[in-house]
Amino acid sequence: MENKLLSLNFDLTKSKIKSYDTVDYKETVNDSVLISFNVFSLLDKKGLLSPILNIDNREVRHTKKDGYGSFNVKKSNKETEFKITPIGGFDFYTIKTKLNSNAQFNVFLDITNGGIPIFNEIYEYKIRRLDKNVLILENEKGEKQKWKKKTPKS
């Protein structure tokens with residue numbers, strides 16, 4: 001298998017669905033409004049524990065295990081921002097809304113790996129050696145990489 005080519009094509013790394021939200025507004029005659037959140041994993045639709053920060057008054061609420069959390073705030077036409085910062089490797093999410101009616105947000109978060117996806121790049125390597133324990137690759141610059149089979153620790 002020596003002198004064969006290994007090509008790594010990174011144009012399919014984008015998530016099929018990004019994080020998103022849906023919202024249901026309900027008018028109220030009260031002088032305060034209820035802004036509530038259901039925060040879910042896009043992967044399995046289970047609720048997520050997540051701190052939610054109301055930017056205007058720096059108030060933080062935490063969702064419960066089922067993903068539910070809410071704020072009671074004074075009614076106004078002012079737009080405010082809520083930052084959702086989930087625990088456990090999910091995208092951060094920001095919602096901007098006016099505080100003039102009750103709002104129920106359903107937020108579906110994608111998993112993040114903390115890295116930046118690689119798009120439209122192709123890496124090519126010559127295979128210099130391949131057996132059941134070792135793979136040696138050489139890039140266009142002549143730099144070699146050696147990959148060894150991982151053996152379980154006893």
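Reading the values: the criteria
Residues numbered from 1 in each chain as written. Predicted model: local features only at pLDDT ≥ 70, side-chain atom pairs only at ≥ 80, totals over all residues. Heavy atoms only, no water. Core = buried A, V, L, I, M, F, W, Y, C linked by side-chain atoms within 4.5 Å. Buried < 20%, exposed > 50% of the residue type's maximum accessible area, 1.4 Å probe, protein only. Helix = DSSP H or I, 4+ residues; strand = E, 2+ residues; numbered from the N terminus. Contact = heavy atoms within 4.5 Å. Pairing = 2+ DSSP bridges. Phe/Tyr/Trp six-rings, centres within 6.5 Å; stacked < 30°, edge-to-face > 60°. Salt bridge = Lys/Arg side-chain N within 4 Å of Asp/Glu carboxyl O.

Enquirer: It is not clear to me how the nonpolar core should be interpreted in this structure. Could you clarify?
Expert: Inside soluble globular proteins, nonpolar side chains tend to come together where they are buried. Grouped together as the largest cluster of nonpolar side chains are 18 residues, with contacts concentrated most on Ile35, Phe37, Ile84 and Leu109. Contributions of two or more residues to this core are made by β3 (32–41), β6 (68–74), β7 (79–84), β8 (93–98) and β9 (102–109). Filtering out sequence-adjacent residues up to four positions away, Ile35 remains in contact with Gly69, Ser70, Phe71, Val73, Phe82, Leu99, Ser101, Ala103 and Phe105.

Enquirer: Looking at this structure, I do not really get the pairing of β8. What am I missing?
Expert: In summary, the side chains of a regular strand alternate between the two faces of the sheet. A one-sided burial pattern is seen for β8, the buried positions being Tyr93, Ile95 and Thr97 and the unburied ones Thr94, Lys96 and Lys98. In this sheet, β8 lies alongside β7 in antiparallel orientation, the contact comprising six bridges. In the sheet register, Lys83 faces β8, and the bridge partner there is Thr94.

Enquirer: Would you mind showing me how to read the packing of aromatic side chains here?
Expert: Pairs of aromatic rings are described using the distance from one ring centre to the other and the angle between the two planes. Evaluation of the coordinates by the stated rule reveals seven aromatic pairs. Between Phe37 and Phe105, the ring centres sit 5.6 Å apart and the planes meet at 15 degrees, which makes this aromatic pair stacked. Linking Phe37 in strand β3 with Phe105 in strand β9, this pair joins segments that are 68 residues apart in sequence. Relative accessible area serves as the criterion here: at 0%, Phe37 is assigned to the buried category. Through successive ring pairs, a cluster of aromatic residues spans Tyr25, Phe37, Phe71, Phe82 and Phe105.

Enquirer: Even after reading the chapter, I still don't get the pairing of β9, so can you show me in this structure?
Expert: Direction of pairing for strand β2 (residues 20–26) relative to β9: antiparallel, over a ladder of seven bridges. Each bridged residue has a counterpart across the sheet, and for Lys26 the counterpart in β9 is Asn102. Strand direction decides the pairing type here: β3 and β9, joined by seven bridges, are parallel. Following the sheet pairing, Phe40 is matched in β9 by Phe108.

Enquirer: Before we go on, may I ask you to explain the pattern of salt bridges in this structure?
Expert: Close approach of charged atoms lets side chains of opposite charge pair. All chains considered together, the criterion is met by six salt bridges. A salt bridge links Asp131 to Arg129, with the nearest nitrogen and oxygen atoms 2.9 Å apart. Through salt bridges with shared partners, a single network forms among Glu81, Lys83 and Lys96.

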